[in-house]
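Close look at the chain arrangement
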Amino acid sequence: MFIICIHILKALALIIIMDIRYPWLPCYCWLNLHHSHGLWALINTADTLGSAMPSEGYTVEDYKAVLDSNLYGTVEMSRWFLPLRRQAGGRIINISCTPSLSNSVSFSHSPYVVSKAGIEGYSDMLR
């Protein structure tokens, strides 16, 4: 999962790309930004697809692996940076589906579809 944080320093935008698999990275980023004027944008772009098979072939662990990255990673990053976003009047942008895969994954990647529906619901709650 890659996260893009955009922080405006006067006329300069600082873009930080993070990978949620390194748990120290969001903390490091937050520690360096929380004394500033806030965070202009957070773009969550998690896109773990998982393996393709009929829905009945998936185990709970298969679902957890995809949900951990796509849904819970998005929630965790938003939770970390929501106060900084509010401070700057910025935005959180959650990418919930890759357009080129949206029609082709629905029958063979059910954990992916479930995770992206969760992101849609979470994004609605943030509005």
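What counts as what
Residues numbered from 1 in each chain as written. Predicted model: local features only at pLDDT ≥ 70, side-chain atom pairs only at ≥ 80, totals over all residues. Heavy atoms only, no water. Helix = DSSP H or I, 4+ residues; strand = E, 2+ residues; numbered from the N terminus. Buried < 20%, exposed > 50% of the residue type's maximum accessible area, 1.4 Å probe, protein only. Contact = heavy atoms within 4.5 Å. pLDDT = per-residue confidence, 0-100. Salt bridge = Lys/Arg side-chain N within 4 Å of Asp/Glu carboxyl O.

What follows is about the overall build of the protein. Along the backbone of the protein there are three helices and four strands. Going residue by residue from the N terminus, the α and β elements of the protein occur as β-β-α-β-α-β-α. Every one of the 127 residues in the protein was classed for burial, and the buried ones make up 36%. Across the protein, every contact between residues at least 6 apart in sequence was considered, and the portion connecting residues at least 24 apart equals 70%.

Moving on, we get to the confidence of the model for the protein. Summing up the model confidence of the protein, the mean pLDDT is 78 and the portion of residues at 70 or higher is 79%. Summarising per-element confidence for the protein, the mean pLDDT is lowest in strand β1 (residues 2-9) (55) and highest in helix α3 (residues 110-126) (90).

Relative to the elements of secondary structure, Arg127 occurs in the segment after α3. In the structure, Arg127 is positioned 35 residues away from Ile92 in sequence and 9.7 Å away in space, judged by C-alpha atoms.

For Ser78, the location among the structural elements is in helix α2 (residues 60-88). Residue class for Ser78 comes out buried when judged on its relative accessible area of 0%. Non-local contacts of Ser78, meaning those with residues more than four positions away in its chain, are made with Leu42, Asn44, Ile92, Asn94, Tyr122 and Leu126.

A word on the pattern of salt bridges. Across all of its chains, the model carries two salt bridges by this definition. The shortest N-O distance in the salt bridge between Glu76 and Arg79 comes to 2.8 Å. With a gap of three residues between them, Glu76 and Arg79 both fall in helix α2, about one helical turn apart. The residue Arg127 makes a salt bridge to Asp124 at a minimum N-O spacing of 2.2 Å. Given the relative accessible area of 45%, Asp124 is considered partly exposed.

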